[in-house]
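Chain by chain, the residues run as shown.
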Amino acid sequence: MYIHKKSSWDKCKGAEITPESVFDDRRNIIKALGLGAIGASIPGHVQAGIFDLFGEKKPESAFITSPLTYTTNPQFSATGIPTPLEKVTTHNNFYEFGTSKQDPAENAQGFKVDPWTLVIEGEVERPLTLDLDDLTKLIPLEERTYRLRCVEAWSMVIPWVGFPLAALLKRAGVTSKATHVAFETLFDPEQMPGQKSRLMGGGIHYPYVEGLTIAEAMNELSFLSVGLYGKTLPPQNGAPIRLVVPWKYGFKSIKSIVRIRVMDRQPPTSWNQLASHEYGFYANVNPEVDHPRWSQATERRIGEGGLFSAKRIKTQLFNGYAEQVSELYRGMDLKTNF
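Calculation rules
Residues numbered from 1 in each chain as written. Predicted model: local features only at pLDDT ≥ 70, side-chain atom pairs only at ≥ 80, totals over all residues. Heavy atoms only, no water. Helix = DSSP H or I, 4+ residues; strand = E, 2+ residues; numbered from the N terminus. Buried < 20%, exposed > 50% of the residue type's maximum accessible area, 1.4 Å probe, protein only. Contact = heavy atoms within 4.5 Å. Areas by Shrake-Rupley, 256 points an atom, 1.4 Å probe, with all protein chains shown as cover. Pairing = 2+ DSSP bridges. Arc of directions from axis to C-beta. Core = buried A, V, L, I, M, F, W, Y, C linked by side-chain atoms within 4.5 Å. Axes fitted to C-alpha atoms, helices over the stretch in contact; angles between N-to-C directions. Salt bridge = Lys/Arg side-chain N within 4 Å of Asp/Glu carboxyl O. Phe/Tyr/Trp six-rings, centres within 6.5 Å; stacked < 30°, edge-to-face > 60°. Lys NZ or Arg CZ within 6 Å of the ring centre and 35° of its normal.

Further remarks concern the overall build of the protein chain. Secondary structure summary: the protein chain contains twelve helices and 13 strands in total. Counting only residues that meet the buried cut, the protein chain has 59% of its 338 residues in that class. Counting contacts in the protein chain only where the partners sit at least 6 residues apart, residues at least 24 apart contribute 75% of the total. Within the structure as shown, the protein chain displays about 14200 Å² of accessible surface, and the carbon and sulfur contribution to it stands at 53%.

Encoded structure:
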């Protein structure tokens with residue numbers, strides 16, 4: 001396994017950032033499908049709908065998942081029927097494996113997660129280097145069922161297995177200088193074909209990076225997942241470890257993490273670098289702040305059926321988690337800091 005040594009938050013310069021004209025694959029996908037204005041109104045689930053409507057064979061997983069030992073935390077049990085496992089594992093955004101919703105399930109099955117190294121560094125008193133075994137044994141695992149809301153206006157309800165991000169940061173000992181936490185996905189173009197091709201990878205400047213404020217990272221909802229539905233993560237869902245921040249749009253929940261760096265400044269983040277007017281650093285779910293190309297007022301909840309059977313529901317501020325997170329943004333203009 002190859003781990004990128006120079007983090008994007010250390011070296012990104014303006015000239016290195018891919019122009020918007022080559023990254024805007026969401027628009028390109030819609031055009032390629034010939035859906036025009038229809039696609040603009042239902043961008044996030046067009047591909048899944050076409051997949052279901054025409055009865056194409058769904059990808060079958062060749063990646064073996066393993067049962068996990070965990071307890072269920074009843075304090076984090078989202079309302080709503082959990083999204084079927086088949087949909088959770090075949091309707092994914094993971095551009096390292098391609099830009100259509102089915103690409104990750106089809107292209108990630110040979111993905112190797114053993115060996116794996118997760119490094120926690122930066123403004124910490126005790127830097128950590130964890131291996132694959134540590135990810136499931138260092139901190140007791142629990143199951144939490146969270147709502148997941150994509151910026152493309154579709155949503156799911158998923159039972160994740162993992163541990164609080166705060167528990168790991170406390171083990172590392174965050175210093176008083178810390179203001180933000182940055183995350184980095186594995187950079188391995190041999191395993192991740194989307195990292196080789198701007199077209200296949202959506203024009204993203206890889207490795208994929210994301211970030212939170214230190215207060216967001218220490219919030220009780222912020223979760224590092226190593227599994228779903230009681231078993232280890234499939235590769236298309238971010239094996240072996242990913243972030244889950246349920247009050248933010250899904251692209252903040254970075255997958256296949258190899259590096260966590262505690263910082264004294266705000267790190268650059270991948271989608272924000274590419275189009276800051278469309279993808280803010282905070283990316284909090286907010287029905288009052290539309291994406292430039294689609295409304296965020298409602299969402300389609302992915303369920304058993306296809307495109308036209310997905311239930312349309314109203315989107316809630318902070319994805320329904322306002323009670324737990326609204327204090328983080330007291331006095332902040334949420335339309336400016338989107």
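What follows picks up the thread again.
The subject of this paragraph is the environment of Glu304. As for its position among the elements, Glu304 is in the loop between strand 12 (298-301) and strand 13 (311-314). We classify Glu304 as exposed; its relative accessible area is 69%. C-alpha of Glu304 to C-alpha of Pro84: the two residues are 220 residues apart in sequence and 6.6 Å apart in space.

Within a regular strand, the side chains alternate between the two sheet faces. By the bridge criterion, four bridges tie strand 2 (residues 117-122) to strand 3 (residues 128-131) in an arrangement that is antiparallel. Pairing of Ile120 across the sheet is with Leu128, part of strand 3. Between the antiparallel neighbours strand 2 and strand 3 lie five residues. For strand 2 and strand 11 (residues 257-263), the ladder comprises four bridges, and the chain directions are parallel. When the sheet's bridge partners are listed, Glu121 is paired in strand 11 with Arg261.

The next thing to look at is helix 9 (residues 165-172). Every buried residue belonging to helix 9 is among Leu165, Ala166, Leu168, Leu169 and Ala172, and all of these are buried. Projection of helix 9 onto a plane perpendicular to its axis shows the buried side chains occupying an angular sector of 160°, all on one side. Positive phi shows up at Gly173, right after helix 9, with a value of about 75°.

Proteins that are soluble and globular tend to have nonpolar side chains buried together. The biggest cluster of nonpolar side chains holds 81 residues, and the ones touching the most others in it are Leu168 and Ile260. The element contributing the most residues to this core is strand 5 (residues 154-164), with seven residues. If we ignore the near neighbours within four places in the chain, the residues touching Leu168 are Leu118, Ile120, Leu128, Leu130, Leu138, Ile139, Phe163, Leu224 and Ile260.

With that settled, the discussion passes to the environment of Pro189. Tracing the backbone shows Pro189 in the loop between strand 6 (180-185) and strand 7 (209-213). Expressed as a C-alpha distance, the spacing of Pro189 and Pro207, which sit 18 residues apart in the sequence, is 9.7 Å. Dropping the residues within four chain positions of it, Pro189 is found in contact with Gln195 and Lys196.

In this section: the sheet that holds strand 7. Pairing in this open sheet of five strands is mixed, and the strands run 3-2-11-6-7 from one edge to the other. Only two strands of the sheet have a single partner each, and these edge strands are strand 3 and strand 7. On average, each strand axis in the sheet is inclined to that of its neighbour by 15°, with strand direction left out of account. Together, strand 2, strand 3, strand 6, strand 7 and strand 11 form the strand contacts of helix 9, whose direction differs from that of strand 3 by roughly 130°.

One pass over the full model with this rule turns up 15 salt bridges. When the shortest N-O distance is used, the salt bridge between Arg144 and Glu142 registers 2.6 Å. Taking relative accessible area as the criterion, Glu142 reaches 14% and is therefore assigned buried. Of the charged contacts in the structure, one is a salt bridge between Lys252 and Glu210, with a shortest N-O distance of 2.7 Å. Of this pair, Lys252 sits in the loop between strand 10 (242-244) and strand 11 while Glu210 sits in strand 7, and the two are 42 residues apart along the sequence. Neither residue differs from the other here; Lys252 and Glu210 are each classed as buried. Taken together, the shared-partner salt bridges in this structure form one network comprising Glu121, Glu184, Arg259 and Arg261.

Counting across every chain of the model gives twelve aromatic pairs. Ring geometry for Phe251 and Tyr279: centres 5.5 Å apart, planes at 90°, overall edge-to-face. Of this pair, Phe251 sits in the loop between strand 10 and strand 11 while Tyr279 is found in the loop between helix 11 (270-274) and strand 12, placing the two residues 28 residues apart along the sequence. An identical accessibility class is assigned to Phe251 and Tyr279; each is buried. Measuring from ring centre to ring centre gives 5.4 Å for Phe318 and Tyr329, while their planes differ by 20°; the resulting arrangement is stacked. Here Tyr329 lies in the segment after helix 12 (322-325) and Phe318 lies in the loop between strand 13 and helix 12, a separation of eleven residues in the sequence. Grouping residues by exposure puts Phe318 and Tyr329 together as buried. Sitting over the ring of Phe76, Arg144 keeps its end group 3.8 Å from the ring centre. Across the ring face of Phe94, the terminal group of Lys255 is positioned such that the distance to the ring centre comes to 5.4 Å.

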